[in-house]
Amino acid sequence: MSNQNILIPVKLDAFVFNEAVCNGGPGKAKIAPIAQPNYSFLRLSDSYLQSDILYSTDLHNAAPADDNSRLNDLGTRTRRTNRQGVYLHWTIPRVYRSGTAADRGDGERNGLPDFPEPPTRWLVVRHIHDLGLVKPAEAAKALKPVTGWIVESDRCRTLDGPRRNGELIDKENVLPIDLDLQVDVSPFVSPPDDVGNGNVLDKQAEVFIGDKIDATTWQESVPAKKGEDPKKRVNLQLMGSSNELFADFQPHCPNVFSIVDNFSYQTEDDSGMKYATEVSASYSVIGWNSKPDKDIAKPRGNQSREQRFRELKMSIKGFQNELEPMAKYPKAIFEWFEQTKGGTEEPVTRSICHGAMYDVQWIINKAPKTVLADHYASLLCDAQPVSVGSTPMDALMAYAGAHQNIDNGIKKDLEAALKRLETILLSRDDGVEAHAQATDMLYNWNYSRLDGGDQFHVAASGDQTGKDKKPTIPKEKKKQLIERNQLCRLRDAAMRKLKQQQWAVFSEWWLSVSRAKGNEPVKATLEPILASIKELKEKVDWCNEQLGIKPKEADPDTVTTTDEEVKDFEPGVHPPYHQQRDPTLLVGGVRSGWEPDYLLALLVRLDCQLPPDVLQPLPDEALNGWGNFLKNVIEAKLPSDLYKSVQYLLREFVTMRTRRDEEQDDGHPQVPSMLVERGLFRSPDEKLVDDLYFTADGEKKEPERAELKPEIPLFHDRLGLDLKGAKIWRDYWNDTQPWFPLYMEWEVEYTHVDHQDWELSTAKWWHSEHSKLHYGVKEGLDLANKYDPNVAEGQRAPVIDRRQLSGRVLILPQPSFSLQTKIAQLLSNTLPSQLKEYIPDEDLKFLDKNLQQLQFLSAPLAGFDSHMVTLEQGNHVKPSLRDPRTGMLTVLPEAYRPKAGLNGETMPKMDIETDLTPYGRVHKPIAGPEGPASFKPVAHGQFRLTKLNIFDRFGQAIHAIDPEPVPYNQKTPTVAPCISDWYAPGIKVGKEGVIIPNVVEQNKTGKDQKCEYVQVPPRINQPARLNAVWTMPYTKAKPEDMSQPFWRATNDWDQPIWGWVVVNYANYGLQFFLPSGAFYREVRQAGPLGAQISPEWLPFPEPDDPEERGGEQDGGVAAKQLARLVQALSKSQGYLLAFIAMVNAATTSKGTTAPDAYAEFRSALIGKPLALVNMGYSLELAGPALESRLNDDGKVVKKLYANTAKKGVKGPGFEDNDEYDEKYYRFPVKLGDRDRAFDGLVGYFKTKSDAKPGDALHLDKIYSHFSPGSKAYETEFHKFSSYSAAVTAKSIADAEERIIPISAKNYPRLPPHYIELTDRYGSVMVEPDEYEAITNEQLCVFGAIVDPFSPVHAFSGILPVKELALPNWTWEGPLDRLSAFFHMGPLLVTRDVPDFVDSRKLAPGDLPPKVVENNVSKKEKASLTNGVALPGGALEQWTWLQPYMPAPTRVGATQTEQFMPLAIDPVDQKARLERGPYTAVEGYLQMAAGAVDNGTGK
């Protein structure tokens, strides 16, 4: 078979519509009146323009049938008999719904999408198997056993047309007067090729597409070659429709992707149209593209067929699970793929869509036996299995916990496996706290991510990596990198501001067109906006030019880097901005309509895979009507390259009706699995790709090809499920009304709760392993007393800030399929050994097999956040259009408003930033200009659902709340949803001591309290990010540096550590080391004050080089800061004891396992050193604070900031400032966490307002989670204080004052900030270096003690948890030098120590060698030293540091001890009577670096 066509399966559904179906009583589904998109709302006339072309569906008159406008003409009270019958709708496969990169013709992709056109011709065939069952009898005579229609999906007609002398000139393209506009055609926006001619939008309400023609009279009018088609057509693209419901909602696509078969007929007496009352029929639908060059099967450019298949995510049925299908294909299929070489396709292949539905029963006065919508309507109305969460998974777990018995498909073991899956998706490291850390990080999934911008780093290559793996580049390269990152940061900020300003142009245009704002005010507002757009574009271009970046010619939105880019740098990104997602609504127990294999690779067949018996005429084909139909319609009217395949498919359609053997005829016996498709369940014995083409000796071989076998079509399988979960055939009607929920309409009543009524507190949720930081209502506040309108006016708030929000959201297939995606992600990225620790193989296979049983619908409350900032989502007119192929921008001329300054020059400035529309005058203020504002920069309140309607693709509607209108003085019914922990309200004690939810309206009395309110904790309603950086004082070496802020973020090569601290257990003290690891000083528990400080450097000599004593090479001002900390600790015994207790408590509580490399460092023997660092935090907005877009809106009580950030102007800071907090937001941030062992913070110091180099921190107090009152601290404090009898009550009191517990009362409060780039005239006033300086100026800096191996976590409650970790190089080198040594003595030894030898004195900063006394002569031994004899075999790896006092060089000169390392000679415990004199020694024991032969140097 040389020429083969691709046979693409489609899912066909049949819906019966009659009075019985439409009656919809209590607890049953309703049939929504037809509400087509009103394209009149696209007109730019003042009275038409709306933010959404779709009405909210009104259900209150949907039942009984006599009141439903879909079934009855409410004007004449007559039945619409032409609308009764069987409605067929076919789901367009996913391959037609997404774009691929367009080919430029030379094999290269230009980055612009190529959107495929769906089939525009559909043959719909009705087969009545037994005319004897048709009623009435006259219908049985009039109807034929085989009837066909051709649907022309791209046919375009209008309500009227040009006339001459009152007569229509072009009747062919004008709708007949007797046409039913709601069921016979589809409204459609069809812009002409040249939008610049004519008033396009005013004509859209009159444009309709689609036509259904009797197949026997149909003729193709599209010419085979270039020529004129007498019928007008549209370029039909699913992604190009302005109506997102168009392809899937049957009332919106009649005679395009659906038809109604009303079983009409005419008798011989020509008495008018009549309709059969009872028929049993099967249906086949077959589709193709009328333009062969637009066929989806045609390879683009130089593509091969194999490449085209992969691009479209299609697989040959029967080979979908093969690792390398090309090696397994039978010869006929393999040769077909090989026919395309070099982009030439010979012969041409066409694609044909096909689907079937068997044995549909039509009875005019009877509903189908099973109406799934009625079952789900009863469930939703009675049980209300609704949950609200932050993500689909969050909402699902909330539902599963409360409705285990509602959905028979949910099993406890399935829920448990899902819960384990949820918590380990992120736990793929080797730390012992990984599982808990993953649970905590799921918190971050509540936020959407937005691009944070670009930055560059030092390239991680050998040339750029110095000692200790520290990034090292020449000084001039450092300057280049700094300047490059400054340019990137300014450019990215300018691009963000540019988009905001482009939308501002659209907003002003919308307000002007909708008459919400006058021409002159609009013109005045636009002036600085347009000026800023010009300046911002120039600034972006200038930055790119400085960076050596130029736009690609083919696509101006992408950039390429020139050869001038510095090779020493590697690209990276700044942390993203985040915004809280809209709340997610989940309805449990309600099945999704999307097929379980919809998101998997589409399984198609070739002609050669059809059953052999369909290639020849079927028995009785000539007698049952099929013979004439196949010859006179299919062969005579269809294109020559299609008709044979269509004939075969129709014969297959006939034969498959009776082929229902569960084993032989099931076209998909295995449950479709994303895991199997991705090869994640492959057998270890399966051959690799190389084994298929090569022998064991490496010789090439021909792969063993499979035998060609026929394949059963997709959907002729038992993947369907009935209400009890039993398998049913997907292409058999089963006397069951289909159910395909498509979209959801919601409405909530939102009550705003004042910001001062909230507090950030720690709570432990029932299913959480760790407590979480979360906003809640302040303890003791009864919200109902303040916000319930039924409470007496003098007791509650004078005006309740309450309003209605509503929206519509599509029910997409992703939520349920995303579970499979997450499992696939888990298997792909986790080592099997680690994976089995959490989920055994049998659990994974169980999940894979049974996920389909999870019945739920999930969708976000889309538009919730937009309403908060007085913006609306919806399908509305967009005056600027970008051609998806060329990228060219075109503006509709009728959109111009010259009087408002919106003309051909200014309109293109909005670009395509036209998604959201401003409120304008569409909504009313809550209580006028003096009342509360509808605009909320930060949302914090509670809402309840007042409407929840779910609509399926045929218009069936189920509701959680009765849609009947409620009298004015009665409360609107609501839903009591299951609420996830994130949105759960707090509790209070009600009457009779009953625990009830703390919500904004009084609860009913009684013990069975259902909570109808969902609590929305504070959330910034625009993108923001929590910045966290290591900081250091700015080195002001030049006069121009004096204007720089004191603190700056560190660069890749900067050492952020300003010291190390180690607990000296042997001496009950602390040892301090410089950033390099060199010892500096020790503070011990001794002396009259209880704290004694050792001389600097001892036992090491003072470094000769000033730089090594705290100069630039070894910390600079860091050494001064370290010295101040030592001095602060040495002045107070209480502070020293408390400090040691805090450090020990943190060290014992932090269960983080150090990296394996840490075991290589000798410092590991002294425990865990802690790093002294500076860290800075700021809360940055991605754009300027939004403003209200509602006319006459009320007063905004609190704003995000008082002023934008400017150079040299300090912000409000993080300390207490009640006056500022009354008008502007600041958000508390908790640094570190005691309960999370993977957190590295021990404690932090606050900075001084008058910071100076080396004196920037308040070191007399430290804030810590390991403070007096905590169990770990008290244990350690008691342990150390018990060693000294001199610990006084004063010392204990002093300790409690110095270590301050971190609590909600003293959390740092970060103010949001935004760096404004332009002045009020639109001019850019910030340069790259200034932008960086302002960014640093906003940092709230803290000194801190941290575990160098663990990140410090910042918890804000409004943004994801922020981690700040030290780069490995910052601690690897210092820890290698940092050594363990302890003061010992006085000790009595039996022999004297040797004399001091200057050449062997202890060198500064280095570990001494282990000295041994082997292989030396007696003479040499006498002239050399003897070791210090100490008992204990454990001292073999240590060296004794012996102090010597040198002779004075002059009278009165101060002498410093010098130390010389000596060998230790271990002795046993046996008593001996050595001769005297004995020697008393005092010195240090230090860990040795290695062994050296004394005297030989080896």
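We now turn to the structure provided with this report. (Residues numbered from 1 in each chain as written. Predicted model: local features only at pLDDT ≥ 70, side-chain atom pairs only at ≥ 80, totals over all residues. Heavy atoms only, no water.)

Details of the pattern of salt bridges
Two side chains bearing opposite charge may form a pair once their charged atoms approach each other closely.
Next up, step 1: All chains considered together, the criterion is met by 72 salt bridges.
Next up, step 2: Asp 154 is paired through a salt bridge with Arg 233; the nearest N and O atoms lie 3.2 Å apart. A residue pair is termed long-range when its members are at least 10 positions apart, and Asp 154 in the loop between strand 10 (146-152) and strand 11 (156-158) and Arg 233 in the loop between strand 16 (212-214) and strand 17 (258-261) qualify at 79 residues.
Next up, step 3: What makes Arg 233 partly exposed here is its relative accessible area of 22%.
Next up, step 4: Here Glu 1215 makes a salt bridge to Lys 1246, at a shortest N to O gap of 3.1 Å. Taken as a pair, Glu 1215 in the loop between strand 59 (1170-1181) and helix 22 (1218-1223) and Lys 1246 in strand 62 (residues 1241-1252) lie far apart in primary sequence, 31 residues in all.
Next up, step 5: Exposure remark for Glu 1215: the relative accessible area of 37% places this residue in the partly exposed category.
Next up, step 6: One continuous salt-bridge network, built from bridges that share partners, spans Arg 121, Glu 152, Asp 154, Glu 220, Asp 229, Lys 231 and Arg 233. (Salt bridge = Lys/Arg side-chain N within 4 Å of Asp/Glu carboxyl O. Helix = DSSP H or I, 4+ residues; strand = E, 2+ residues; numbered from the N terminus. Buried < 20%, exposed > 50% of the residue type's maximum accessible area, 1.4 Å probe, protein only.)

Details of the nonpolar core
Next up, step 1: Of all hydrophobic cores here, the largest spans 110 residues; its most connected members are Phe 864, Met 1175 and Tyr 1177.
Next up, step 2: Beyond its immediate sequence surroundings of up to four residues, Met 1175 is in contact with Val 1029, Trp 1030, Thr 1031, Leu 1231, Leu 1241, Tyr 1244, Cys 1340, Val 1341, Phe 1342, Ala 1344, Val 1352 and Leu 1364.
Next up, step 3: Residues Cys 543, Ile 549, Leu 810 and Ile 1334 belong to the second largest nonpolar core, which totals 68 residues. (Core = buried A, V, L, I, M, F, W, Y, C linked by side-chain atoms within 4.5 Å. Contact = heavy atoms within 4.5 Å.)

Some remarks on helix 3 (residues 305-312)
Next up, step 1: Inspection of helix 3 places Arg 305, Arg 308, Phe 309 and Leu 312 among the buried residues, and these make up the whole buried set. Each buried residue of helix 3 sits inside an arc of 100° when the element is viewed along its axis, so together they form one side.
Next up, step 2: Following helix 3 by one or two positions, Lys 313 has its phi on the positive side, about 55°. (Arc of directions from axis to C-beta.)

Focus on the sheet that holds strand 33 (residues 584-588)
Next up, step 1: Strand order across the open sheet formed by four strands is 42-33-26-49, with mixed pairing between neighbours. Unpaired on one side and paired on the other, strand 42 (856-860) and strand 49 (978-979) mark the two borders of the sheet.
Next up, step 2: Across two bridges, the pairing between strand 26 (residues 386-389) and strand 49 is parallel. Each bridged residue has a counterpart across the sheet, and for Val 388 the counterpart in strand 49 is Ile 979. (Pairing = 2+ DSSP bridges.)

As for the packing of helix 21 (residues 1133-1149) against helix 24 (residues 1289-1298)
Next up, step 1: Between helix 21 and helix 24, whose axes approach to 7 Å, the crossing angle comes to 60°. The angle between helix 21 and helix 24 falls in the class oblique. Seen from above, helix 21 lies across helix 24 with right-handed handedness. On helix 24, the residues touching Gln 1133, Gly 1134, Tyr 1135 and Ala 1138 of helix 21 are Ser 1291, Asp 1294, Ala 1295 and Arg 1298.
Next up, step 2: Residues of the contact of helix 21 with helix 24, tallied by class, amount to three nonpolar, three polar and two charged. (Axes fitted to C-alpha atoms, helices over the stretch in contact; angles between N-to-C directions. Parallel < 35°, antiparallel > 145°, perpendicular 65-115°, else oblique. Left-handed = near helix turned anticlockwise from the far one by under 90°. Nonpolar A, V, L, I, M, F, W, Y, C, P; charged D, E, K, R; others polar.)

Some points on the environment of Val 1481
Next up, step 1: Among the secondary structure elements, Val 1481 is positioned in strand 77 (residues 1479-1487).
Next up, step 2: According to the relative accessible area criterion, Val 1481 is buried, its value standing at 4%.
Next up, step 3: In this structure, the C-alpha to C-alpha distance between Val 1481 and Pro 1386, residues 95 residues apart in sequence, is 5.3 Å.
Next up, step 4: In this structure, Val 1481 is in contact with Gly 1385, Pro 1386, Leu 1387, Val 1389, Val 1393, Trp 1440 and Gln 1442, ignoring residues within four places of it in sequence.

As for the side chain of Thr 946
Next up, step 1: Relative to the helices and strands, Thr 946 is located in strand 47 (residues 938-952).
Next up, step 2: Sequence-distant contacts of Thr 946, defined by excluding residues within four places in its chain, comprise Glu 747, Val 748, Glu 749, Gln 804, Ile 961, Thr 972, Pro 973 and Thr 974.

Some remarks on the pairing of strand 33
Next up, step 1: Burial analysis of strand 33 places five of its five residues in the buried class, the great majority of the element.
Next up, step 2: Side chains Thr 584, Leu 586 and Gly 588 project from strand 33 onto one buried face, and the interleaved Leu 585 and Val 587 project onto a second face that is buried too.
Next up, step 3: The sheet contact formed by strand 26 and strand 33 spans four bridges and is antiparallel. From the neighbouring strand, Ser 387 faces strand 33, where its bridge partner is Leu 586.

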